[in-house]
Amino acid sequence: MTGPLTEVLDGQREADLQRAARALLKEPLLTADGPYADEFRMVRRHAAELREWFERNVGWTLRTDADAARLRKTPGTLTDATHPAREATRTALPFTRRRYVLLCLTLAALERGESQVALGRLAEQVVLAAADPELVAAGITFTLERRDERLDLAAVVRLLLRLGVLRRVAGDEEAYVSGSGDVLYDVRRRVLAGVPASLRGPSMIEAEGFEERLVEMTAQTALDSDELRFRAIRWKLTRRLLDDPVLYYDDLTDDELAYLTRQRGFITARISELTGLVAEVRAEGIAMVDPLDDLTDVRMPEQGTHGHITLLLAGHLAQAAGAVEPAELASRVRELAVEHGGFWSKSAREPGAEPGLVEQALTKLVALGLAEPTERGVVPRPALARYAVGEPVVREPGPAHHPAELPQTTAKDER
C-alpha cells in the first residue's frame, strides 16, 4: 500500500502547489483573512518551493509572513497599458491617471500615519501632499471639495480595502462622498509595506520621462556576461507567457526569438508543471491555454450585451484584409442591432451608442492580443482567426462521414 499511498500524497502535494501558484498569479497580494485565505495557507505551506521557482524562472521575489504573501511581479512588457487597476465595484471602471496619482499619495500618507485613520483625516493629508509644486505644474490638483474628487478617493480606498491594506472599522464610503459622514479604518502596516513591487524606490530614480523611469525602477544588475543576458531573456519570455494572452514571434527581438526557438520546450514545460497551463504553439506565436479558464482579468466570450457585441465584432474583424476604421465598426454595430438588438440592453440600441460600444469592444480585443490599434485603424492579429465564422464546410458522404463543421469560436487562451 505504500506505493499507491505515496502516489496519492504526491499528487495532492502537486495539486496544492499548483493551486497556490495560480492564486499568486491571479492575486499577487494575498492576505490571511482575505477572499483567498485557503490559497494563502497553501502559499505559506509551499513558500520555499514557490520562492525558488519564481526567482529562478522569472526573477520575481516572494515574501510571506503571518499576515500576507506578496509576489513582486515585473511585467514582461513595461509599456502595456491594457490591464489597469479597476474600481472594486460592479462597474469595475479602469483607474484614470488622476486616480493613480491619488493612490500613490494615499499610500504615502498611510505609511507616515498611525495604525488607525479616518477617511476625512486621510483626505486632509492627501490634499497637503497634492500641493507639491511639481504635481501642480503637471496639472494635478486635489481639493476634495467636489463630489467627483471624493469619488476618486473613495475608489482608491476601496481598492486598498480589497487588497487588505485597510480594514473598515466603522462608517461607509458613500456617506463620505455625500458629505454626510466619515469612515474609520485599521491600517495593516505589514500588508501596506508589501504593496510596492519595484526593484528600486521611485525617489531613487533620476530619469524624467515616464518610460525611462519605468526602466530604471525595474532594471536588473548589469548584463555583462552571456549567462546574465540569457537569463534576462528567459525571464522576459517566461513573464510574457505567464501574463500575456498571446506571445507573438514578430514582437520579439532577434535574440529573444533565437533563444525561444532553442528553449521553447523547456520554458513551456516548466510553466505547465507549475500552473497547469498548456502550450498552444502556432506559426505566429504561443499561447498558454488555461483549461480551468480562470487566470484572466479579461474574458471572451462573455455574457451580456457588451460581450455579445465584442464577439460579433471579433468575427467581423477576423475576416478583414487589413486595417478597419472605428467608423466602419460603428456602422457594423448599427447593422448588427437590426438582427440581434432584441437581445441587447435598451441603452445599446439607442442611436449614437455605437461609438461607445465599439470602444468597449476594442479595449477588450486589444487587451487580449486579438487586435492592434494603428493610425490607419484597427488591425486584426493572428489569434483573432479563431473567431472567424465562415460558411459551413460540408464533407462528402463516406464511411467516416461527419456533420458540417463551423470554425471554433470559443477561446480559453486568454488570462
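Please refer to the structure placed before this passage.
Residues numbered from 1 in each chain as written. Predicted model: local features only at pLDDT ≥ 70, side-chain atom pairs only at ≥ 80, totals over all residues. Heavy atoms only, no water.

(A) Main features of unusual backbone geometry. With omega at 0°, the peptide bond leading from Met300 into Pro301 counts as cis. A positive phi angle is found at Leu144, which is not glycine, with a value near 60°. Relative to the elements of secondary structure, Leu144 occurs in the loop between α6 (133-137) and α7 (147-163). Phi is positive for Asp293, which is not a glycine, with a value near 55°. Looking at the element boundaries, Asp293 is found in the loop between β9 (285-289) and α13 (305-318). (Helix = DSSP H or I, 4+ residues; strand = E, 2+ residues; numbered from the N terminus.)

(B) The arrangement of the packing of helix α11 (residues 226-243) against helix α12 (residues 254-275) in detail. Remark: α11 packs on α12, axes separated minimally by 9 Å, with the N-to-C direction vectors making an angle of 55°. With respect to α12, the element α11 is oriented oblique. The element α11 and its partner α12 pack so that their crossing is right-handed. For the pair α11 and α12, contact is made by Phe230, Ile233, Arg234, Lys236, Leu237, Thr238, Leu241 and Leu242 and by Asp255, Glu256, Tyr259, Leu260, Arg262, Phe266, Ile267, Thr268, Ile271 and Thr275, respectively. In terms of residue class, the contact of α11 with α12 is made up of ten nonpolar, three polar and five charged. (Axes fitted to C-alpha atoms, helices over the stretch in contact; angles between N-to-C directions. Parallel < 35°, antiparallel > 145°, perpendicular 65-115°, else oblique. Left-handed = near helix turned anticlockwise from the far one by under 90°. Contact = heavy atoms within 4.5 Å. Nonpolar A, V, L, I, M, F, W, Y, C, P; charged D, E, K, R; others polar.)

(C) A look at the packing of helix α4 (residues 97-112) against helix α5 (residues 119-129). The contact between α4 and α5 brings their axes to 9 Å, and the two run at 115°. In terms of axis orientation, α4 runs roughly perpendicular to α5. The two elements α4 and α5 cross, and the hand of that crossing is right-handed. Residues Leu102, Leu105, Thr106, Ala109 and Leu110 of α4 pack against Leu122, Gln125, Val126 and Ala129 of α5. Among the residues forming the contact of α4 with α5, the class breakdown is seven nonpolar, two polar and no charged.

(D) Geometry of the sheet that holds strand β3 (residues 68-72). Read from one edge to the other, the open sheet built from three strands follows the order β1-β3-β2, with strand pairing classed as antiparallel. For this open sheet the edge positions go to β1 (29-31) and β2 (61-64), each flanked by a neighbour on one side alone. Between one strand and the next, the sheet's axes are offset by a mean angle of 10°, whatever the strand orientation. The strands that helix α2 (residues 37-45) touches are β1, β2 and β3; relative to β1, the one it contacts most, it runs at about 105°. (Pairing = 2+ DSSP bridges.)

(E) Seen up close, the side chain of Arg158. Its place among the elements puts Arg158 in helix α7. With sequence-adjacent residues up to four places away left out, Arg158 is seen in contact with Ala88, Thr89, Glu173 and Glu174.

(F) The arrangement of the pairing of strand β10 (residues 371-374) in detail. In this structure, β10 lies alongside strand β11 (residues 377-380), joined through four bridges in antiparallel fashion. Within the sheet, the bridge partner assigned to Glu372 lies in β11 and is Val379. Two successive antiparallel strands, β10 and β11, enclose a turn made up of two residues.

(G) Representation of the pairing of strand β6 (residues 183-187) within the structure. In β6, alternate side chains face the same way, and those of Val183, Tyr185 and Val187 are buried while those of Leu184 and Asp186 on the opposite face are not. Where strand β5 (residues 166-171) meets β6, five bridges bridge the pair, whose relative direction is antiparallel. Each bridged residue has a counterpart across the sheet, and for Arg167 the counterpart in β6 is Asp186. (Buried < 20%, exposed > 50% of the residue type's maximum accessible area, 1.4 Å probe, protein only.)

(H) Structural detail: the pattern of salt bridges. Scanning all chains against the criterion turns up 35 salt bridges. Its salt-bridge partner being Glu124, residue Arg121 comes within 3.2 Å of it at the nearest N-O pair. Taken as a pair, Arg121 and Glu124 lie in helix α5 at a separation of three residues, close to a single helical turn. Judged by relative accessible area, which is 46%, Glu124 ranks as partly exposed. The shortest N-O distance in the salt bridge between Arg299 and Asp293 comes to 3.5 Å. For Asp293, a relative accessible area of 24% translates into the label partly exposed. (Salt bridge = Lys/Arg side-chain N within 4 Å of Asp/Glu carboxyl O.)

(I) Structural context of the nonpolar core. Core analysis: the largest hydrophobic core is formed by 38 residues, its most contacted members being Leu110, Leu119, Leu160, Val165, Leu166, Tyr176 and Tyr185. Broken down by element, this core gets its largest block of residues, eight residues, from α7. If we skip the residues at most four places from it in the chain, Leu119 touches Leu153, Val157, Glu173, Tyr176, Asp182, Val183 and Tyr185. Counting 34 residues, the second largest nonpolar core, distinct from the first, contains Val58, Leu247, Ile267 and Leu277. (Core = buried A, V, L, I, M, F, W, Y, C linked by side-chain atoms within 4.5 Å.)

(J) Summary view of the packing of aromatic side chains. A full pass over the atoms with the stated rule returns four aromatic pairs. Centroid distance Phe54 to Trp60: 6.1 Å. Interplanar angle 25°. Geometry classified as stacked. Taken together, the ring pairs connect Trp53, Phe54 and Trp60 into an aromatic cluster. When the ring centre of Phe230 is taken as reference, the NZ or CZ atom of Arg262 above it lies at 5.8 Å. (Phe/Tyr/Trp six-rings, centres within 6.5 Å; stacked < 30°, edge-to-face > 60°. Lys NZ or Arg CZ within 6 Å of the ring centre and 35° of its normal.)

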